[in-house]
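Residues per chain are reported as follows:
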Amino acid sequence: MPPPEVNVALVPSYNSAEFLHKTLDCLARQTWPNLEILIADDCSTDTTPRIVEAFAREHPNVRVLPRSRNLGRLESSNDLMANATGELCFFACHGDLFAPTYVAKLASALLESPSAILACSRVDVAEADGQHRLSACEEIGAIEDRVRRGLAMV
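First things first, this report covers the structure right here in the doc. Numbers given to residues run from 1 along each chain, matching the order in which its sequence is written. The predicted nature of this model means local features are confined to residues of pLDDT at least 70 and side-chain atom pairs, given and counted, to a pLDDT of 80 or more, with totals for whole chains, interfaces and linings taken over all residues. Excluding hydrogens and water, the side-chain figures rest on all heavy atoms present in the structure.

**Observations concerning the environment of Ala-99**
Then, number 1: Each helix corresponds to a stretch of at least 4 residues labelled H or I by DSSP, and each strand to a stretch of at least 2 residues labelled E; elements are numbered beginning at the N terminus. Turning to its location among the elements, Ala-99 is positioned in the loop between β4 (88-91) and α4 (102-112).
Then, number 2: In sequence terms Ala-99 and Leu-27 are 72 residues apart; their C-alpha atoms lie 8.8 Å from each other.

Structure representation (structure tokens):
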């Protein structure tokens, strides 16, 4: 199966200036070809809009969704998905850091298993107190019902 034409990183942001640079830098370094980065700033009151606009000017694969009002996390996320033009999408929230091969590995896993509807990775969660914990998704693979699998992921 050939790779999808475009995959999309969905980036919801709100007052995320402190963390957003690192997330955007990780997305810019992805090895997967044809990655569109779709960013929606939800009317931030900090310097997030300037960070987003500067990043978009430097990267032709970035599209910014303008907001005239704060939609909130759920509505903003739904709007990002509705505006995505790619075949495969994933959320890249501010503060998320990705290895350069992250998108390639997830996309390859889905392309190698045509019946799969979701790919996930192990996640190293760094807490504010400096502690780390590994979050893994192995238990989700045992759930056969697609809806229950999706709910377990959420």
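Okay, back to it.
**Re the nonpolar core**
Then, number 1: In plain words, nonpolar cores are sets of buried Ala, Val, Leu, Ile, Met, Phe, Trp, Tyr and Cys residues tied together by side-chain atoms within 4.5 Å. A 1.4 Å probe rolled over the protein chains alone gives each residue an accessible area, and that area as a share of the maximum for its type sets the label: buried under 20%, exposed over 50%, partly exposed in between. Ranked by internal contacts, the top residues of the largest apolar core, which has 25 residues, are Val-11, Leu-24, Leu-27, Ile-37, Ile-39 and Phe-90.
Then, number 2: The set of elements that each furnish at least two residues to this core consists of β1 (7-13), α1 (17-28), β2 (35-41), α2 (48-58), β4 and α4.
Then, number 3: Of all hydrophobic cores here, the second largest spans seven residues; its members include Val-8, Leu-65, Leu-80 and Ala-84.

**Brief notes about helix α3 (residues 73-83)**
Then, number 1: Regarding α3, the residues found buried are Ser-76, Ser-77 and Leu-80. Down the axis, α3 shows its buried residues gathered within 100 degrees of arc, on one side only. Turned more than 90 degrees off the buried face of α3, the exposed positions are Leu-74 and Ala-82.
Then, number 2: Only heavy atoms matter for contacts: two residues are in contact if any of them lie within 4.5 Å across the pair. Summarising the contacts, the buried residues of α3 are in contact with β1, β2, β3 (62-65) and β4. Picture the helix axis, draw a direction to every C-beta atom, and the arc is the one those directions span.

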